[in-house]
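# Reading the structure
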Amino acid sequence: LDTHNITPPIDPKNVGVICAGNIPLAGFFDVMCVLAAGHRCVVKPSSKDTPLMVALCNFLRECGAPIESVHNIQQPNAVIASGSDMAMSAIGSTYGSVPTLLRGHRSSVAVLNGGETEEEILSLGEDMFRYNSLGCRNITLLWVPEGYDLERFVLTLQPKRQIVSSKYVGNYRQAKATAILMGESVVDGGFFLLQHNPTFPTRLAQVNI
């Protein structure tokens, strides 16, 4: 990284980058953009990714980049942050007096053709359950062909029960109780719900089809 050839802006700003922790170095792209624009980067690493991000900040600083890692970002000129909707709400309130770029909850779609093997369905289950609520890899909406064998799908996913947390199970029980009280038609997977709905689900532990 040759920081000496970067032409700084007329008025460099202190830009805070608040990192998510769903994947290693999730905030690196934001850090790179701030530095490439010639601003000073103040990084708050995720608690799940602190050692790696701090090591990167130290390396970039040794290369001459205007960057530091901190526990709390004080008086920034702007803030870029990624995380849950609840976290973004809190960050928006904290830094409401400066320009912010806030990215809230993300989820993804899987498209199935009906010919998936058990191994492929189990791999899909990793993204559905191990990464639930953890950003882009979190799959909560499935597009399937008409007549898709949901019973086989649910049975194949049963080994993934062991990777869900107690909090997830609690959300499942709440979602199931709500569905019963509301008279909603759902497929009970034993630790998750399937519901025919073409939009992303609003309840945790539910996957829409």
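Just so it is clear, the structure is predicted and the values come from calculations on it, not from any experiment.

Definitions and limits used
Residues numbered from 1 in each chain as written. Predicted model: local features only at pLDDT ≥ 70, side-chain atom pairs only at ≥ 80, totals over all residues. Heavy atoms only, no water. Helix = DSSP H or I, 4+ residues; strand = E, 2+ residues; numbered from the N terminus. Contact = heavy atoms within 4.5 Å. Pairing = 2+ DSSP bridges. Axes fitted to C-alpha atoms, helices over the stretch in contact; angles between N-to-C directions. Expected span 1.5 Å × (residues − 1). Buried < 20%, exposed > 50% of the residue type's maximum accessible area, 1.4 Å probe, protein only. Arc of directions from axis to C-beta. Phe/Tyr/Trp six-rings, centres within 6.5 Å; stacked < 30°, edge-to-face > 60°.

This brings us to the side chain of Asn 138. Structurally, Asn 138 can be placed in the loop between α4 (118-130) and β7 (139-143). Beyond its immediate chain neighbours, meaning those up to four positions away, Asn 138 contacts His 105, Arg 106, Ser 107, Ser 108, Asp 127, Met 128, Tyr 131, Asn 132 and Ser 133.

A few words now on the sheet that holds strand β4 (residues 78-82). Pairing between the strands of a sheet is mediated by backbone hydrogen bonds and can be parallel or antiparallel. Read from one edge to the other, the open sheet built from five strands follows the order β3-β2-β1-β4-β5, with strand pairing classed as parallel. Two strands in the sheet have a free side with no partner beyond their single neighbour: β3 (67-69) and β5 (100-103). Geometrically, the sheet is characterised by an average inter-axis angle of 15° between neighbouring strands, direction not taken into account. The sheet contact formed by strand β1 (residues 14-18) and β4 spans four bridges and is parallel. In the strand pairing of β4, Val 15 is matched with Ala 78. With respect to the sheet, helix α2 (residues 50-62) is in contact with β2 (40-44) and β3, its orientation differing from that of β3 by roughly 155°.

A word on helix α6 (residues 166-182). In a regular helix each residue adds 1.5 Å, so 17 residues correspond to 24 Å; α6 covers 24 Å between its end C-alpha atoms and thus fits that length. Regarding α6, the residues found buried are Tyr 168, Asn 171, Tyr 172, Ala 175 and Ala 179. Buried residues of α6, viewed axially, fall in a sector of 105°; they line one side. Exposed and facing more than 90 degrees away from the buried side of α6 are Ser 166, Lys 167, Arg 173, Gln 174, Ile 180 and Leu 181. Residues of α6 that are buried make contact with α4, β8 (187-188) and β9 (193-195).

Turning our eyes to something else, we now look at the packing of aromatic side chains. Counting across every chain of the model gives five aromatic pairs. Taking 6.0 Å as the distance between ring centres and 65° as the angle between the ring planes, the aromatic pair formed by Tyr 148 and Phe 153 counts as edge-to-face. This pair shows no difference in class: Tyr 148 is buried, exactly as Phe 153 is. Ring pairs connect the aromatic residues Phe 129, Tyr 168, Phe 191 and Phe 192, which therefore count as one cluster.

Position of Met 32 among the secondary structure elements: in helix α1 (residues 28-36). Since its relative accessible area comes to 37%, Met 32 is described here as partly exposed. Considering only alpha carbons, one finds Met 32 and Arg 203, 171 residues apart in sequence, at a separation of 35 Å.

A separate point is the pairing of strand β6 (residues 108-111). Side-chain alternation along β6 places Ser 108 and Ala 110 on a buried face and Val 109 and Val 111 on a face that remains uncovered. As defined by bridge partners, β6 adjoins β7 across four bridges and the pair is classed as parallel. The residue bridging Ser 108 from the neighbouring strand is Ile 139, located in β7.

Here the focus is α2. Its 13 residues give α2 an end-to-end C-alpha distance of 18 Å, which sits within 8% of 18 Å, the value for a rise of 1.5 Å per residue. The complete set of buried residues in α2 reads Met 53, Leu 56, Cys 57 and Leu 60. Mapping the buried residues of α2 onto a view down its axis gives an arc of 100°, with all of them on the same face. Every exposed residue of α2 that faces more than 90 degrees away from the buried side is listed here: Pro 51 and Glu 62.

Any functional reading would require information that these geometric values do not contain.
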